[in-house]
Amino acid sequence: MQYSHLDMLESKSIHILRESYSAFRNLCMLWSIGKDSTVLLCLARKAFYGHVPFPLVHVDTHYKIPEMIEYRDRLAMEWNLDMIYGENREALENRETFPDGNATRIECCRRLKTEALTHTLAGDWPRYRLNHATGKYEEDSDREPFTGVIVGVRADEEGSRSKERTFSPRDRAGDWDADDQPPEFWGQYKTDFAPGTHVRIHPLLDWTEVDIWEYIRREGVPVVSLYFNQGDGKRYRSLGCWPCTKPVDSDASTLDEIIEELKSGKFARVAERSGREQDKEDGGGLEELRRGGYM
Amino acid sequence: MARDKLSMNIVVAGHVDHGKSTVIGRLLADAGALPEGKLESIRELCRRNAKPFEYAFLLDALKDERAQGITIDTARCFFETEKRKYIIIDAPGHIEFLKNMITGASRAEAALLVIDAAEGICENSRRHGYMLEMLGIRQIAVLVNKIDLVDRSRETYEKIKREYAEFLATIGIAPAAFIPVSATEGDNIAFPSELTPWYDGPTVLGQLDLFEGGDNTGGSELPLRIPVEDVYKFTEGGDDRRIVAGMCESGTLRAGDQVVFYPSRKTTVVNSLEEWFMDADSSRRPREFSAGKACGFTMTTQIYVRRGEIACLAGEKPPEIGRAFRASIFWLGRSPLVPGKEYVIKSCTAKTPCRVTKIHSVLDASTLEKNPAAAEAKKNDIADCTFVCEKELAFDIGAALPTTGRFVIVDEYEISGGGIITEALGAGDTGSAASSAAVTPGERARYLRQKPVTVSVQTEEYGRKLERRLFEEGRIPYYAARLSDEQRNALTGAGVIVLTHGDAEVTTTGDMNADVTAILLATDNALEV
Ligand SMILES: Nc1nc2c(ncn2[C@@H]2O[C@H](COP(=O)(O)OP(=O)(O)OP(=O)(O)O)[C@@H](O)[C@H]2O)c(=O)[nH]1
Ligand SMILES: [Mg+2]
């Protein structure tokens, strides 16, 4: 039997998810609500036959487009997901953010995303867990650190991600030592680690943006409507916080049109993250953020 | 809809500074694969830092890489031709980063090996060539780069071609092409160069499409190997399936197939192939799983299997089972590999402590010089060693079934080496000191991979047939029409499966498949229940 390109990508990702599940006791998956991590979530349901045997963690910056949060909670209830969110309460209360005019974009990302993520994973800041009986989030008493964190980054997104390992170790502070990564071959990964450290697991490194959309179409993965033109000639190509992510001009309102636009249409040669402001401030800004623990 | 394209991973290897990253950057630029503004932003970055423009910066994205003008870690980049999708893997050439080169090259199906025309063949030109061969990459095209620096001299090109082809021949590789290129000037990268009229072979871009295969094609006609990753039972929502999950490394599996798990030798029949679909669309239900598929299945009998075993098909060539083997390894560890020290081996999903009992020889891959007297293997050495594991392993010979014939060596939590199994060894030839104690029934059962049992058959004809079938399953059966009690005891004492008439521990039914399964189960020498 000859499997297709998407079949092979799917199988490799499922293999990585299953290996992670075998290797880590405290495993979680980051769900940014974007198309990539939603595909990852569906791959997990596929790997574990309709179940997702670990919690999904969302870092809420409170600057997400409201529709994203509504979508997150709807799927969490529908798919019976163990849903957790975390946030940087202090920075939000003290208004130390870019939209408040008290931080650069990069500083804002560092506070609302990287710090919130690091502390939510470590368990030293509050975690909020969805109670399926009430549909409401409650502060979680479980503060065990997560030692394995599955993240949906792709190598084709930008330079530092193109250098990532499938199993990428982070030290106590969540820092990434990009210059000295462990070897990884033959489907064997570094799964033994010192206490206090954790591993980022990247099952989507080999996927391109087009692969993601073709998979969404093939499998019927539900994605937020913000990705589609709703009649105003605009759509989001990449989702983030609204102050720093701009929609692109596009008439694509169906999956077929999105895929066509990426393959041979107006976006065939335009980078996906070109709508993301924090990637622009200086060359290597994203690498710095990522060395500090950003996704 | 047109049949979708396959994809292929290509690694670009070679000595430090010979122009690997520049070749890829130029290829992406000339093939029109870069996003708009990308080249301009790199030009701008170089200008701001008062540096000459480098195509390599398209790949060398880390700050330290750009500061030092060197590739530290492998990068993946993506592009597409009419024929295929490619992931191009840029490997670092510096010896310090060999572990990163291997990380990248281990995923590739074909390679471009870059040699600087002015500098000629260097240490890592050969070492990388050797590593590619060891990692199982047989399709290699050699790029004689920086041809502009030698006035596009045919003579220089021919000399390098001659010498490097000779080197490749000694390691059994016939190169696909030797292409004279200039990555900075663009000669023969995406477009044929008018400045090398003496060359009429393919361009680099053309050569990519000439490589064969894609998406790791093949393997489904080989014996089945599914290393068990886990056995899932998610009770949520009343799901009571017990699903054996694993990657199908080779072979083909269908419902109704009889599988044997090794090393435990437990057998069962596949009840159903399991795959989950979001839309519960039954038209996509799988009828078979084959090489490359992350699969899962349920069993008709609830035998206990666990991670580390390999599911194989009864009647196909079984894997080797044992604790000792000989292997060709590459070592990446900071401290050398030494005999006697405890390491951990990971082979597919199996994991066991092990020791090296003998280093037969150590090879320097950059000179092919062999040292038969070496006491240890240092970082970046290749070595031929005997391993003895604490637990029994199921494995294959790497040349026959690559994915189940290799392993990694973990030293103090770090993956420090990789090996390809060249020979399975019996307990006698491991180089370890033999014990003087009497051989116990347990030891004998482990060695023979079976527990002795007596089986009664109705007729001699059936007894002989059954003997043949069990023998083909890898067991050691013996049919005898008449046996005294002493003879019977002597045979079972020797560890044999005795087929005879009259009273016995197992009674056959005449249904050959059912009888074979029952006997395999009864003689199964599982290490754990
Ligand atoms: N004249 C000339 N210079 C070249 C050519 N190709 C590469 N170079 C230069 O050689 C230097 C090294 O090129 P890289 O592409 O970084 O070499 P590399 O093989 O990737 O090096 P590592 O990844 O560090 O092993 C750079 O300064 C390039 O500009 C060529 O065809 N002609
Ligand atoms: Mg390089």
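Residues numbered from 1 in each chain as written. Chains lettered and ligands numbered in written order. Predicted model: local features only at pLDDT ≥ 70, side-chain atom pairs only at ≥ 80, totals over all residues. Heavy atoms only, no water.

(A) Up close: the overall build of chain B. A tally of regular secondary structure across chain B gives 11 helices and 25 strands. Across its three principal axes, chain B shows a C-alpha extent of roughly 90 × 60 × 45 Å. For chain B, buried positions account for 56% of its 529 residues. Long-range pairs, those at least 24 residues apart, make up 71% of the contacts in chain B between residues at least 6 apart in sequence. As presented, chain B carries roughly 22,600 Å² of accessible surface, and 49% of it is formed by carbon and sulfur atoms. (Helix = DSSP H or I, 4+ residues; strand = E, 2+ residues; numbered from the N terminus. Buried < 20%, exposed > 50% of the residue type's maximum accessible area, 1.4 Å probe, protein only. Contact = heavy atoms within 4.5 Å. Areas by Shrake-Rupley, 256 points an atom, 1.4 Å probe, with all protein chains shown as cover.)

(B) Representation of the pairing of strand E22 (residues 453-456) of chain B. All names here are of chain B. Burial of the side chains of E22 extends over both faces: Val453 and Val455 are buried on one face and Thr454 and Ser456 on the other. Sheet topology places E22 next to strand E24 (residues 497-500); four bridges connect them, and they run parallel. From the neighbouring strand, Thr454 faces E24, where its bridge partner is Val498. Of the pairings in the sheet, the one linking E22 to strand E25 (residues 506-507) comprises two bridges and is parallel in character. From the neighbouring strand, Val455 faces E25, where its bridge partner is Val506. (Pairing = 2+ DSSP bridges.)

(C) Spatial organisation of the coordination of the magnesium ion (ligand 2). Residue and element names in this part refer to chain B. Protein-derived coordination of the magnesium ion (ligand 2) comes from Ser21 (OG) and Thr71 (OG1), at a distance range of 2.0 Å. Taken as a pair, Ser21 in helix H1 (residues 20-30) and Thr71 in the loop between helix H3 (63-68) and strand E2 (75-80) lie far apart in primary sequence, 50 residues in all. Just as Ser21 is buried, Thr71 falls in that class too. (Donors = N, O, S within 2.8 Å, 3.2 Å for Na, K, Ca; no water.)

(D) Examining the environment of Ala194 of chain A more closely. Residues and elements named next belong to chain A. Along the polypeptide, Ala194 turns up in the loop between strand E7 (167-170) and strand E8 (198-201). Given a relative accessible area of 47%, Ala194 falls into the partly exposed group. Placed 22 residues apart in sequence, Ala194 and Arg172 show a C-alpha to C-alpha distance of 9.3 Å.

(E) Region of the structure containing the domain arrangement of chain B. Residues and elements named next belong to chain B. With domains assigned, chain B is organised as domain 1 (7-210), domain 2 (226-313), domain 3 (322-434) and domain 4 (448-527). A straight line from the C-alpha centre of domain 2 to that of domain 3 covers 31 Å. Between domain 2 and domain 3, a total of about 780 Å² is buried, with carbon and sulfur atoms accounting for 66% of that surface. Taken together, domain 2 and domain 3 are joined by zero salt bridges. Linking domain 2 with domain 3 are two residue pairs in polar contact (both at pLDDT 80 or more). (Domains from an automatic or database assignment. Buried area = accessible area lost by both parts, 1.4 Å probe. Salt bridge = Lys/Arg side-chain N within 4 Å of Asp/Glu carboxyl O. Polar contact = N/O pair within 3.5 Å; in protein donor to acceptor, adjacent residues only side chain to side chain.)

(F) Examining helix H11 (residues 512-522) of chain B more closely. Along H11 of chain B, the residues classified as buried are Met512, Asp515, Val516, Thr517, Ile519 and Leu520 of chain B. Looking at the buried side of H11 of chain B, the elements it contacts are strand E10 (258-262), strand E11 (266-273), E22, helix H9 (460-472), E24 and E25 of chain B.

(G) Spatial organisation of the site of ligand 1. All names here are of chain B. Taken together, 20 residues lie around ligand 1, and Lys20, Thr22, Glu54, Thr71 and Ala183 are the ones closest in. Taking Lys146, its side chain carries an N or O atom lying 3.1 Å from an oxygen atom of ligand 1. Ser182 places a side-chain nitrogen or oxygen 3.3 Å from an oxygen atom of ligand 1. Summarising the interface, the protein chains cover 87% of the accessible area of ligand 1, which totals 650 Å² for the free molecule. (Near = heavy atom within 4 Å.)

(H) Examining the interface of chain A and chain B more closely. Opposite the 68 residues of chain A that make contact, chain B presents 81 residues. When chain A packs against chain B, close to 6,500 Å² is buried across both sides, 50% of that on carbon and sulfur atoms. When the area that chain A buries against chain B is broken down by residue, the three leading residues are Tyr49, Lys163 and Trp186 of chain A, summing to 15%. In this structure, the connection of chain A to chain B is made through 11 salt bridges. The shortest N-O distance in the salt bridge between Glu219 of chain A and Arg284 of chain B comes to 2.7 Å. At the level of elements, helix H1 (5-23), helix H2 (35-47), helix H6 (209-219) and helix H8 (285-291) of chain A are the ones that each hand at least two residues to the side of chain A that touches chain B. For the side of chain A that touches chain B, the element with the most residues is H1 of chain A, which contributes 11 residues.

(I) Structural detail: the pairing of strand E5 (residues 139-145) of chain B. All names here are of chain B. The buried count for E5 comes to six of seven residues, which makes it a mostly enclosed element. Handedness of the crossover joining strand E4 (residues 110-116) and E5 through helix H5 (residues 123-134) is recorded here as right-handed. Where E5 meets strand E6 (residues 177-180), four bridges bridge the pair, whose relative direction is parallel. When the bridges of E6 are listed, Ala141 appears paired with Ala177. In terms of handedness, the path from E5 via helix H6 (residues 154-170) over to E6 forms a crossover that is right-handed. (Right-handed = clockwise from strand over helix to strand, strands pointing away.)

(J) Quick look at H5 of chain B. Residue and element names in this part refer to chain B. With 12 residues, H5 should cover 16 Å at 1.5 Å per step; its first-to-last C-alpha distance of 17 Å lies within 8% of that length. Among the residues making up H5, those that are buried are Asn124, Ser125, Arg127, His128, Gly129, Tyr130, Met131, Leu132 and Met134. Immediately downstream of H5, the backbone of Gly136 shows phi near 90 degrees, a positive value. (Expected span 1.5 Å × (residues − 1).)

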